[in-house]
Amino acid sequence: MHIANNILRRSLQNVYFFVGTACGGKTTMGRELSKKYGFTYYSDNWNEPNWKEWESIIDEKYQPYSHNGGKPFSNEEYFSRSVEEFYADSKSEKSQAANMENIAFSIIEIIKLAHKNTVVADIWIENFDFLMEISDYSRIACLLAPGELIIRDYYQRDDHMDFTRAIQSLENSEQKFEVQNELFRIGAKEMAEKAKNHNLFSIMRSEESTIENTLKLLENHFCLIADKK
């Protein structure tokens, strides 16, 4: 069964979407916005309960691209790939289809939540054409960070320590880190260009960025006014 995007758009009118790069502030701002306005925060980050629930239902018949034949990569095999191999895999039809399988699960969960409350959704959507079909400019914010800032911060975050330790435990870990660093640089540049091409409201994080100022920019974009008590 295919659910038409205009139906999804109608069902997601009560949802604000955050997209963008790693370390752009999606998680921080999603939680800040939800706390201030009483919204529900939803994230499909791999360390969040929603991702664990998604993994628990992946089925070879219904989610063939995410299932991967039931044979996960070992860390050594996964991180030993070159920049070119990682990049080609991320752009492959299989990876794009797997991303859409995850998005389908997330959207259903978000619609259920949005029946009761406004939702701030931090989900990994790479297909901005699809995003613009199910939502609109006034409910989408792209939070970005330059490649070097991502490299500086990503590995130090508590919620990324499993990722960092996994690479540290492997042979030639410095080389493997450099591969990831180059992927961050490429991804940051591509995401910024994609947001610009789709005319999305974007905030580029810098050394001078603060939670307070970023929150104000988002409030202005989303036309939000906190309740005065």
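The rules we used
- Just so you know, the residues in each chain are numbered from 1, in the order the chain's sequence is written.
- With the structure being a predicted model, the display of local features is reserved for residues of pLDDT at least 70 and the display and counting of side-chain atom pairs for 80 or more, all residues being used for whole-chain, interface and lining totals.
- Heavy atoms throughout the structure, all of them, feed into the side-chain values; hydrogens and water do not.
- Relative accessibility under 20% of the residue-type maximum defines a buried residue, over 50% an exposed one, and the middle range a partly exposed one, all with a 1.4 Å probe and only protein chains included.
- Helix numbers and strand numbers start at the N terminus; a helix is a DSSP run of H or I with at least 4 residues, a strand a run of E with at least 2.
- Strands are treated as partners if at least two bridges between them are detected by DSSP.
- By definition, a salt bridge exists where a carboxyl oxygen of Asp or Glu is found within 4 Å of a side-chain nitrogen of Lys or Arg.
- The contact criterion used throughout is that any non-hydrogen atoms of two residues lie within 4.5 Å.

S.K.: Honestly, the pairing of strand β4 (residues 140–144) in this entry has me stumped. Any pointers?
M.R.: Both faces of the sheet carry side chains from a regular strand, because those side chains alternate between them. With respect to burial, β4 is a largely interior element, 5 of its 5 residues being buried. In this structure, strand β1 (residues 15–20) lies alongside β4, joined through 4 bridges in parallel fashion. Bridging across to β4, Phe18 finds its partner in Ala141. In the sheet, β4 pairs with strand β5 (residues 202–204) via 3 bridges, with the strands oriented parallel. Directly across from Leu143, in β5, lies its bridge partner Ile203.

S.K.: Please explain the pattern of salt bridges as it appears in this structure.
M.R.: Pairing between side chains of opposite charge can happen when the charged atoms of each approach one another. By the definition in use, this model includes 15 salt bridges. Here Glu148 makes a salt bridge to Arg185, at a shortest N to O gap of 2.6 Å. Placement of Glu148 in helix α9 (residues 147–154) and of Arg185 in helix α11 (residues 173–197) is noted, with a sequence separation of 37 residues between them. Across the salt bridge formed by Arg165 and Asp162, the nearest N and O atoms sit 4.0 Å from each other. Remark: Asp162 and Arg165 occur in helix α10 (residues 161–168); sequence separation between them is 3 residues, near one turn of the helix.

S.K.: It is not clear to me how the environment of Ser106 should be interpreted in this structure. Could you clarify?
M.R.: Residue position: Ser106 is located in helix α7 (residues 93–114). Judged by its relative accessible area of 0%, Ser106 falls in the buried class. Separated by 64 residues in the primary sequence, Ser106 and Tyr42 place their C-alpha atoms 8.7 Å from one another. Those residues in contact with Ser106 that lie beyond four places of it in its chain are Tyr42, Asp44 and Ile123.

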